[in-house]
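Here are the chains, one letter per residue:
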2 protein chains.
Amino acid sequence: MAEEEAVKLFGTWRSPFSRRVEIALKLKGVDFKYYEEDLTNKSHLLLKYNPVHKKIPVLVHNEKPIVESLVILEYIDETWKEGFPILPKDPCQRSHARFWARFLDEKCLPAIEEACLRSVDREKAVEEACELLKLLENELKDNKFFGGETIGLVDIVASVISCWLKAFQQVAGVELLTKEKLPKLCEWSDEFVSHAVIKGCLPPSDKLLASLRAHFETVASKELCT
Amino acid sequence: MAEEEAVKLFGTWRSPFSRRVEIALKLKGVDFKYYEEDLTNKSHLLLKYNPVHKKIPVLVHNEKPIVESLVILEYIDETWKEGFPILPKDPCQRSHARFWARFLDEKCLPAIEEACLRSVDREKAVEEACELLKLLENELKDNKFFGGETIGLVDIVASVISCWLKAFQQVAGVELLTKEKLPKLCEWSDEFVSHAVIKGCLPPSDKLLASLRAHFETVASKELCT
């Protein structure tokens, strides 16, 4: 079986979670076949490979499914060991990378969503999200990337802070990631999206913007109806 | 520096999260110094070692803090490689173990809390929690432990299903883990709590019961006052 057939990725073009997996596979130089899912009409393959959560992303390697983006990223690093390193070697540094990856998913993302979608007391939600992003920013120290001189796990997970957050705040009309508030994180974002591999893995910003605008209108109209 | 001084664990006796770390260290045969935290008056050391979340458990190894129980368990396995294996070697099996560990924390625990604490529509919450626990049970297949013949990551994380859930449902007056509903999970629980290392790491059931009863009374009186 050719590598491309042996490795399949089920995702959606606008999901930062499936894009993470795409980034990791491309950094590793692993060929794969991509399956775009319609989340309003999930394929039988997606339901077969992820019967518990029925969600993307799913990585299928030699017919074995791996689910949950953070779990998939660790799997990719452990399976294609010789390629580009996603996690550092040192156990202590590995645990720090895992900590910040979880911090992004469990703290920053819900806070960003609150800041962009909440209709009451939004100012406070924006402030809270900025405080969390500041903690993340401090973790950059004087490094180019969270991984140091090269991209690592935290950078891949933080990709959502780059083009997605920018589009999100533009549509919601809030200011989170600005040069005044988070200068280093802005610099990181510019550096990250310019990386040769990364720029090929990010969704086109105009298409993403249009898609998010439609999503926001749906949410807003639902709020008006309740 | 003696090993015991080099390895410190900050936890509370009744927390299943710090008990997880204790189990892993004891399975590995690592000596450590334990610091019992008073969560109503957190020590300066806890705040110093975990400034972001200010939570237990914290493992400190050679003065370097590692936080978040799942991150700590991976750290322990990677640092004391030669000891008892917590995660399997095969990348695919490792990803399955990570998946079920996250499933326990992110799906089962919130559902159990809902089932035990919710005052309205509790029956539905009990049913939903049981459905999730059934998915977990199926993962046991015909094995003694989630790790196969020996205890592994998922067993350590699932320790909360053993004595904690039993005490929780007794105090809340709900039935989740019963031989009728979840026979294999009950068998697993009996096997798990009888393990030589595990039984020394679990809180005394009468003390846990009394502590949970007091906690439930506080929650109930708060509900009455709001």
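Residues numbered from 1 in each chain as written. Chains lettered and ligands numbered in written order. Predicted model: local features only at pLDDT ≥ 70, side-chain atom pairs only at ≥ 80, totals over all residues. Heavy atoms only, no water.

## Focus: the domain arrangement of chain A
All names here are of chain A. The line we're drawing: Annotation comment: domain bounds sourced from an automatic or database domain assignment. Any pair of residues with heavy atoms lying within 4.5 Å of one another is described as a contacting pair. Here the quantity called buried area is the total loss of accessible area, with a 1.4 Å probe, experienced by two parts when brought into contact, counted for both. Salt bridges are defined as contacts in which a side-chain nitrogen from Lys or Arg sits within 4 Å of a carboxyl oxygen from Asp or Glu. Definition of a polar contact: a pair of N or O atoms within 3.5 Å, with one able to donate and the other able to accept a hydrogen when the atoms are protein atoms, and with sequence-neighbouring residues admitted only if both atoms are side-chain atoms. Here a helix means four or more residues in a row that DSSP labels H or I, a strand means two or more in a row labelled E, and each is numbered from the N terminus. Ten residue types, Ala, Val, Leu, Ile, Met, Phe, Trp, Tyr, Cys and Pro, are classed as nonpolar, four, Asp, Glu, Lys and Arg, as charged, and the remainder, Gly among them, as polar.
Each domain of chain A was delimited in the assignment, giving domain 1 (3-79) and domain 2 (91-215). Centre-to-centre, using C-alpha coordinates, domain 1 lies 22 Å away from domain 2. Contact residues are listed per partner, giving 15 residues for domain 1 and 24 residues for domain 2. Of the roughly 1700 Å² buried where domain 1 meets domain 2, counting both sides, 68% is carbon and sulfur surface. Three residues, W13, R14 and I23, lead the burial of domain 1 against domain 2; their summed loss comes to 33% of the area buried on that side. Taken together, the links from domain 1 to domain 2 amount to 2 salt bridges. R20 serves as the salt-bridge partner of D105, at 2.7 Å between the closest nitrogen and oxygen. For the interface between domain 1 and domain 2, the tally reads 5 residue pairs in polar contact (both at pLDDT 80 or more). Those elements giving two or more residues to the side of domain 1 that touches domain 2 turn out to be α2 (16-28) and α4 (69-79). No other element matches the 9 residues that α2 contributes to the side of domain 1 that touches domain 2. Classifying every residue of the side of domain 1 that touches domain 2 by side-chain character gives 8 nonpolar, 1 polar and 6 charged.

## Considering the interface of chain B and chain A
Across the contact, 26 residues belong to chain B and 26 residues belong to chain A. Taken together, the two surfaces of chain B and chain A that pack against each other cover about 2300 Å², and 65% of this comes from carbon and sulfur. Counting across the interface, chain B meets chain A through 8 salt bridges. Measuring nitrogen to oxygen at the nearest pair gives 2.9 Å for the salt bridge that ties R94(B) to E78(A). At the boundary of chain B with chain A, the tally comes to 8 residue pairs in polar contact (both at pLDDT 80 or more). No other element matches helix α5 (residues 91-117) of chain B, which puts 12 residues into the side of chain B that touches chain A. Here the side of chain B that touches chain A is built from residues that sort into 13 nonpolar, 4 polar and 9 charged.

## Some thoughts on the pairing of strand β2 (residues 33-36) of chain B
Residues and elements named next belong to chain B. In plain terms, the rule: Two strands qualify as a pair provided DSSP detects at least 2 bridges between them. Note on handedness: a clockwise path from strand one over the helix to strand two, with the strands aimed away from the viewer, defines a right-handed crossover.
In terms of strand pairing, strand β1 (residues 7-11) meets β2 through 4 bridges, oriented parallel. Residue pairing for β2: L9 is matched across the bridge by Y34. With helix α2 (residues 16-28) bridging β1 and its parallel neighbour β2, the resulting β-α-β unit is right-handed.

## Digging into the nonpolar core
Short version of the rule: Here, the term nonpolar core denotes a set of buried Ala, Val, Leu, Ile, Met, Phe, Trp, Tyr and Cys residues that are joined through side-chain atoms within 4.5 Å. Buried, partly exposed and exposed residues are distinguished by accessible area as a fraction of the type maximum, computed with a 1.4 Å probe on protein chains only: under 20%, between the cut-offs, and over 50%, respectively.
Of all hydrophobic cores here, the largest spans 81 residues; its most connected members are L133(A), I161(A), L176(A) and L185(A). It is helix α5 (residues 91-117) of chain A that contributes the most residues to this core, 12 residues altogether. The residues contacting I161(A), other than those within four sequence positions of it, are L104(A), I112(A), L133(A), L136(A), K166(A), L177(A), L185(A) and W188(A). In this structure, V60(A), A6(B), C108(B) and L153(B) belong to the second largest nonpolar core, which totals 80 residues.

## A closer look at the packing of α4(A) against α5(B)
Inclusion rule: Every angle, taken between N-to-C directions, lies between 0 and 180 degrees, and every axis is a line fitted to C-alpha atoms, over only the stretch in contact when it is a helix. Between 65 and 115 degrees an angle is taken as roughly perpendicular, under 35 as roughly parallel, over 145 as roughly antiparallel, and anywhere else as oblique. Take the far helix as the reference: if the near one is turned anticlockwise from it by less than a right angle, the crossing is left-handed, and if turned clockwise, right-handed.
Two numbers describe how α4(A) lies on α5(B): the axes approach to 9 Å, and their chain directions differ by 160°. As judged from the angle between their axes, α4(A) and α5(B) are roughly antiparallel. Read as a crossing pair, α4(A) and α5(B) show a hand that is right-handed. Between α4(A) and α5(B), the contacting residues are L70(A), V71(A), E74(A), Y75(A), E78(A) and T79(A) on the first element and P91(B), C92(B), R94(B), S95(B), R98(B), F99(B) and R102(B) on the second. Of the residues contributing to the contact of α4(A) with α5(B), the split by class is 6 nonpolar, 2 polar and 5 charged.

## Re the relation of the copies chain B and chain A
The condition that has to hold: Alignment of the copies relies on least squares applied to C-alpha atoms, considering only residues that score at least 70 for pLDDT in both.
Superposition record for chain B on chain A: RMSD 0.0 Å, screw rotation 180°, translation along axis 0.0 Å. With respect to symmetry, the two chain copies, as superposed, fit the operation of a two-fold axis. It is E106(B) whose C-alpha, among those of chain B, lies nearest the rotation axis, at 5.2 Å. When you check the interface residues of chain B against chain A, 100% turn up at the interface there too, and the contact is symmetric in its surfaces.

## What about the packing of aromatic side chains?
Residues and elements named next belong to chain A. Note the cut-off: Aromatic pairing here means that ring centres of Phe, Tyr or Trp (its six-membered ring) are within 6.5 Å. Orientation follows from the plane angle: under 30 degrees is stacked, over 60 is edge-to-face, and everything else is tilted.
Inspection of every chain in the model, using the stated rule, returns 16 aromatic pairs over all chains. When the ring of F10 is compared with that of Y49, the centres are 5.6 Å apart and the planes differ by 55°; the resulting orientation is tilted. One end of the pair, F10, is in strand β1 (residues 7-11); the other, Y49, is in helix α3 (residues 44-49), and 39 residues separate them in sequence. Here F10 and Y49 have matching classes, each one buried.

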